[in-house]
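Structure at a glance
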Amino acid sequence: MGVSTSIVIFGASGDLTSRKLLPALYHLTLKKRLSADSQIIGFARRPYSHEEFRRLMREAVAKAQGAAFDLGLWDEFAARIWYVQGDLDTEEDFGALDSFLNERETDDANRLYYLATAPSYYDPVLLHLAAHDMTTEQGGWRRVVIEKPFGVDSLSAAALNRVVHGAFQEHQVYRIDHYLGKETVQNICYFRFANTILEPVWNRNYIDHVQITVAESVDVEHRGGYYDTAGVLRDMFQNHLLQLLTLTAMEPPSSMEATTLRNEKVKVLSALRPIAIRDTVRGQYQGYREAPGVSPASDTPTYAALKLYVDNWRWQDVPFYLRSGKALARKASEIVVQFRRPPRLFEELPRARRSDPPNILSLCIQPDEGIHLQFQAKVPDSLSEMRHVDMTFHYADSFDDRAIPEAYERLLMDALGGDASLFTREDEVMLSWRLIDSVLQGWQMADAPPLATYVKGSWGPDAADALLAGEDRVWRVACGDHD
Ligand code: BG6
């Protein structure tokens, strides 16, 4: 019996393969979600034998799994792993890869090509796959998964899309944003649309503003070389933060099917008001310029905050504040929805400050996965004192029998299953770049806000607080504050 599905990983000797992809595939095998007649082929330049590659992957998976690593299952899994040595720049090596695959596959076998290489190799890989006619769907399907970053601006993303479409049709393309693979991010849609209490208040009539924070405590670590050319807007905003924004702001899709869902996300991105450069903040943590691979005169921002508006009926004039940065006080990804104040309270009570609002809903994406709802309650045994109290849901309490899977597990499973709803479509990527380009260009202008520095381990530059303080608002993080 031949192989029915091949998963080909380009860039198989890299970090992503050992840290994320192989552990995820192993886990899918453990859960019996990867068909028994599928095979995994690593393709890279290093001269590994099949056995050497398997050993390296075993070490990586064992490390990722810890005590849960099962050697017996590993041996079963490893029997499906192969290594093909080849140069991504050399067209003939793709011919050799094709022959290797053909020898083992059935006539109607499927292939998933995973681009886990440095972005500079995307073009040659796509061109060589097309040159060997490895992308046409004659019997089985052919799909390609493309890692981020998808371009560095609109122009390069459009150019990459042209190369992609020279090899694959859009329905074969799966652009990864690993945030969409996170359970808590998928839950944004379920929380909003599988409950009736939210929809009536999820609009400008009841919501004062929305905050989206993706704070990281780690600094650039060993990734200075890449990061210094990218910066936080390209690294985090163009993809992860804007995806969180679309899921928070979009209209209810009529189904969760890829086209329908992505149409709604695109409508949000199309409705983004051109950003005013005074509504942006950029910062760099102290010491960043000394990191390996970073230019000593670098003005790359490691932090940014933006104020955005979605110009449509639901959200007119409701600010969406987005912020993300490295080397911040702690890791916290969170969507905060702050509701408006009630029109009046009992006459005799003092009016609470605007910055002390009655209702705040926090969707905690990570690490303290859950949802918090903050509301006012009368303090017992007081005459008329009020205090914030918190109603919380934690995955760890409510779903203690189910571990939250790694994002890559779900994404790989969906790509194999032909479900592109958790992947970004061409127009989404292009609209996201349009916004990021405009900020990057604005930052080149004379009236741009200066690059502020901030202390490692803080919550970022003061200017970010000022962006909200001017409107009597403050940044909030509720996740992780429950204990
Ligand atoms: C990646 C960025 O896309 O996301 C990294 O390139 C960042 O710089 C990472 O650290 C954050 O992902 P997560 O899942 O740890 O929040």
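Scroll up to find the structure this text is about.
Notes on the structure in this doc start here.

Brief notes about the sheet that holds strand E8 (residues 280-285)
Paired through their backbone hydrogen bonds, the strands of a sheet run either parallel or antiparallel. The strand order across the open sheet built from 9 strands is E14-E13-E12-E11-E7-E10-E9-E8-E15, with neighbouring strands paired in mixed fashion. This sheet does not close on itself; its edge strands, each paired only once, are strand E14 (386-394) and strand E15 (451-454). Ignoring strand direction, the axes of neighbouring strands in this sheet form an average angle of 20°. For strand E12 (residues 360-366) and strand E13 (residues 370-378), the ladder comprises 5 bridges, and the chain directions are antiparallel. Across the sheet, the residue bridging to Ser362 is His372, located in E13. Packing of helix H7 (residues 183-193) onto the sheet brings it into contact with strand E11 (332-339), E12 and E13, and relative to E12 it is tilted by some 145°. Together, strand E7 (207-215), E8, strand E9 (303-309) and strand E10 (319-325) form the strand contacts of helix H13 (residues 462-469), whose direction differs from that of E9 by roughly 20°.

Quick look at the sheet that holds strand E6 (residues 173-175)
The strand order across the open sheet formed by 6 strands is E3-E2-E1-E4-E5-E6, and the pairing between neighbours is parallel. At either margin of the open sheet sits one strand with a lone partner, and together these are strand E3 (81-85) and E6. Ignoring which end each strand starts from, the neighbouring axes of this sheet average 20° apart.

Quick look at the pairing of E7
Across the 9 residues that make up E7, a large majority, 9, are buried. Pairing analysis gives 8 bridges linking E7 to E11, with the strands arranged antiparallel. Counterpart to Gln211 in the pairing with E11 is Val336.

Quick word on the layout of surface pockets
The method is simple in principle: a probe with the dimensions of a water molecule rolls over the atoms, and the space it marks as empty is what remains. Taken as a whole, the largest pocket holds about 1,600 Å³ of empty space. The wall of the largest pocket is formed by 50 residues, among which Asp15, Leu16, Arg19, Arg223 and Tyr408 lie closest to the centre. Among the secondary structure elements, those contributing two or more residues to the lining of the largest pocket are helix H1 (15-30), H7, helix H8 (224-249), E12 and helix H11 (407-417). Ranked by the residues each element gives to the lining of the largest pocket, the list is headed by H8, at 5 residues. Considering only enclosed or pocket space, the second largest pocket measures out at about 920 Å³ in volume.

Description of empty space enclosed by the protein
In this structure the tally under the stated criterion is 2 cavities of 30 Å³ or more. Counting only elements with at least two residues in the lining of the largest cavity, the list comes to H8 and helix H12 (426-442). Looking at the lining of the largest cavity, its residues break down into 4 nonpolar, 5 polar and 5 charged. Put simply, the second largest cavity is a space of about 50 Å³. Looking at the second largest cavity, the residues that line it are Thr184, Asn187, Ile188, Phe191, Leu363, Cys364, Ile365, Gly370, Ile371 and Tyr395.

Focus on the pairing of E12
Taken across its 7 residues, E12 has 7 buried, putting it largely inside the fold. Pairing of E11 with E12 involves 6 bridges; the strand directions are antiparallel. Within the sheet, the bridge partner assigned to Ser333 lies in E12 and is Gln366. Taking the residues between adjacent antiparallel strands as the criterion, E12 and E13 are bridged by 3 residues.

Notes on the state of the cysteines
A complete count under the given rule lists 1 disulfide for this structure. A disulfide bridge connects Cys364 with Cys479, and the sulfur atoms are separated by 2.2 Å. The sign of the S-S torsion, about -100°, decides the handedness of the disulfide formed by Cys364 and Cys479: left-handed. Of this pair, Cys364 sits in strand E12 while Cys479 sits in the segment after H13, and the two are 115 residues apart along the sequence. Look at Cys364 and you get buried, because its relative accessible area is 1%. The exposure class of Cys479 is buried, given its relative accessible area of 1%. We note that Cys189 lacks a disulfide partner, and the nearest cysteine sulfur, in Cys364, lies 17 Å from it.

Basis of the calculations
Residues numbered from 1 in each chain as written. Predicted model: local features only at pLDDT ≥ 70, side-chain atom pairs only at ≥ 80, totals over all residues. Heavy atoms only, no water. Pairing = 2+ DSSP bridges. Helix = DSSP H or I, 4+ residues; strand = E, 2+ residues; numbered from the N terminus. Axes fitted to C-alpha atoms, helices over the stretch in contact; angles between N-to-C directions. Contact = heavy atoms within 4.5 Å. Buried < 20%, exposed > 50% of the residue type's maximum accessible area, 1.4 Å probe, protein only. 1 Å grid on protein atoms, 1.4 Å probe; cavity = no way out; pocket = protein on both sides within 12 Å on 5 of 7 lines; lining within 4 Å. Points joined across faces, edges and corners; volume = space filled by probe spheres on them. Nonpolar A, V, L, I, M, F, W, Y, C, P; charged D, E, K, R; others polar. Disulfide = S-S within 2.5 Å.

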